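# Examination of the molecular architecture
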Amino acid sequence: MKSSKRACSLKARLLTAPVVVLLIVFVTSGFLISNRVNRALVANEEAQIKHMSEVLLEIYNNQVKSMTDVMKMSVLHKSLYDWYIKAQRGDSSLLRDFLEQMILLSDVDDIHVVQNTGKVVLHLDSNTGADDLEFKSIIEPIVRYAPLKDRKTQLDEMILTQLIQENGTFKLVSVGPILDRKNNVKAALVFVKRVDSAFLARQKSHFGDNIEVSVASADRIAFSTLSGLSLPTRLINGENNFNSEVNGKPFWHRFVPVDNGKMFLGLSYDLSENVATRASIHNIMIVIFLVAVGLVLGIIVLNVRGTVRSVDTLVGYAERIAEGDLSSEIEELGSDEMNRLAGAMNKMASKIKAIVNDINMLTENAVAGNLRHVLTLPSMVEISARL
């Protein structure tokens, strides 16, 4: 019972320190690794949404460039003024056919031919309905130009592409002049691209299913492919990434300003799959942690059990010697150190056994009357040397 208690006490002492150190090392390293992995995943998500917002802005800028380039090509057409005059006289077929091609090339929703007074002469709509724009104010910068000296070089200054907000909606408008043969402005072409839900749906097609696209003014969300999205103004006005929960799902958001902050294009990145992936990684790390701890603990326990078993054997042998049993010897033990200790104890026991035998012999001779013969100087020296 005492041996069992001693073994348990020794096991506890041998196991406590390495187990505590092991747990501290594993928990600390697990926390650091998990934190590093989490930071890497977040950084990757932020980099992704930043890149995608740049792509969205590039798509918008390409739309602006396309409208401007097609407008320049349209107003430089040598027959545009003649077709406009025919339309004025009631024959708009040639002008209509030409502008229908321009709609396809520029990817706009509407093209208007507008007189200098603001009256719409011809309207082409790729969808349905007409724009209720205030055309007179839109074409005013074009109309007031004096006759051009060089049509090709001065057209770049006259063609205006701007973003207009009306009644909570955004429209990208490009305006160019219709010039007569003396380079006088007689009318204007107006290209209109609605930045609405249909526009956003087309932009969303450039990204994955986990990306939602929004258009916002400085104070509210105007359109979004993400239903239920509502964000504070202070967040919309910044170019920083921020997160929120929409319809029970986590999202990263990023809004970039367009046309000096008249409008903001926004991306919302659904993090549901990323959160699930992150949870899976954490679970895998926990499993690896537990397996590693189990293996190391198993190795430690096996080593400690071997050490304790050897110590128990040595203690038992010493106790038998203390009780006078000098007949047995210890067999080889596991480690070199334990074998050395066992060998030393075997030598000690054999020497004690020899001394005891000599003492027994002296005692027997003394009883038999041969004490003088036994206690010779060599015998005494030999026993003293053994002691």
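This text follows the structure it describes.
First, a word on scope: everything that follows refers to the structure included in this document.

### Quick word on the sheet that holds strand β4 (residues 169-179)
Pairing is antiparallel across the open sheet formed by 5 strands, whose spatial order is β2-β1-β5-β4-β3. Both edges of this open sheet fall to β2 (120-125) and β3 (160-166), since each of them pairs with a single strand only. Across this sheet, the average inter-strand angle for adjacent strands is 20 degrees, counted without regard to direction. Pairing of β4 with strand β5 (residues 185-195), which is carried by 10 bridges, proceeds in the antiparallel orientation. In the sheet register, Pro177 faces β5, and the bridge partner there is Ala188.

### Quick look at helix α3 (residues 93-106)
An α-helix turns once per 3.6 residues; consequently, residues spaced three or four apart project the same way. The end-to-end C-alpha distance of α3, which contains 14 residues, comes to 20 Å, matching closely the 20 Å that a straight helix rising 1.5 Å per residue would cover. For α3, every residue scored as buried is listed here: Leu95, Phe98, Leu99, Met102, Ile103 and Ser106. For α3, the angular spread of the buried residues around the axis is 150 degrees, confining them to a single face. The positive-phi residue at the C-terminal boundary of α3 is Asp107, with phi of around 55 degrees.

### Observations concerning the sheet that holds strand β9 (residues 249-258)
An order of β7-β6-β10-β9-β8 is seen for the 5 strands of this open sheet, with the pairing classed as antiparallel. With one partner strand each, in any of the chains shown, β7 (221-224) and β8 (242-246) form the two edges of the open sheet. Neighbour-to-neighbour, the strand axes of this sheet turn through a mean angle of 30 degrees, independent of strand direction. Examined bridge by bridge, strand β6 (residues 211-216) and β7 share 3 bridges and lie antiparallel to one another.

### Here's the deal with the side chain of Ser74
Structurally, Ser74 is set in helix α1 (residues 2-75). Classification of Ser74 by relative accessible area gives buried; the value is 0%.

### As for the nonpolar core
A general tendency of soluble globular proteins is for nonpolar side chains to be buried together. By size, the foremost hydrophobic cluster in this structure holds 64 residues, and its most contacted members are Leu99, Leu189 and Met263. Apart from residues no more than four positions distant in its own chain, Leu99 is found in contact with Ile111, Val113, Leu122, Leu124 and Leu189. Among the nonpolar cores identified, the runner-up in size contains 11 residues, and Leu229, Ile236, Val246 and Phe264 belong to it.

Calculation criteria
- Residues numbered from 1 in each chain as written.
- Predicted model: local features only at pLDDT ≥ 70, side-chain atom pairs only at ≥ 80, totals over all residues.
- Heavy atoms only, no water.
- Pairing = 2+ DSSP bridges.
- Helix = DSSP H or I, 4+ residues; strand = E, 2+ residues; numbered from the N terminus.
- Axes fitted to C-alpha atoms, helices over the stretch in contact; angles between N-to-C directions.
- Expected span 1.5 Å × (residues − 1).
- Buried < 20%, exposed > 50% of the residue type's maximum accessible area, 1.4 Å probe, protein only.
- Arc of directions from axis to C-beta.
- Core = buried A, V, L, I, M, F, W, Y, C linked by side-chain atoms within 4.5 Å.
- Contact = heavy atoms within 4.5 Å.

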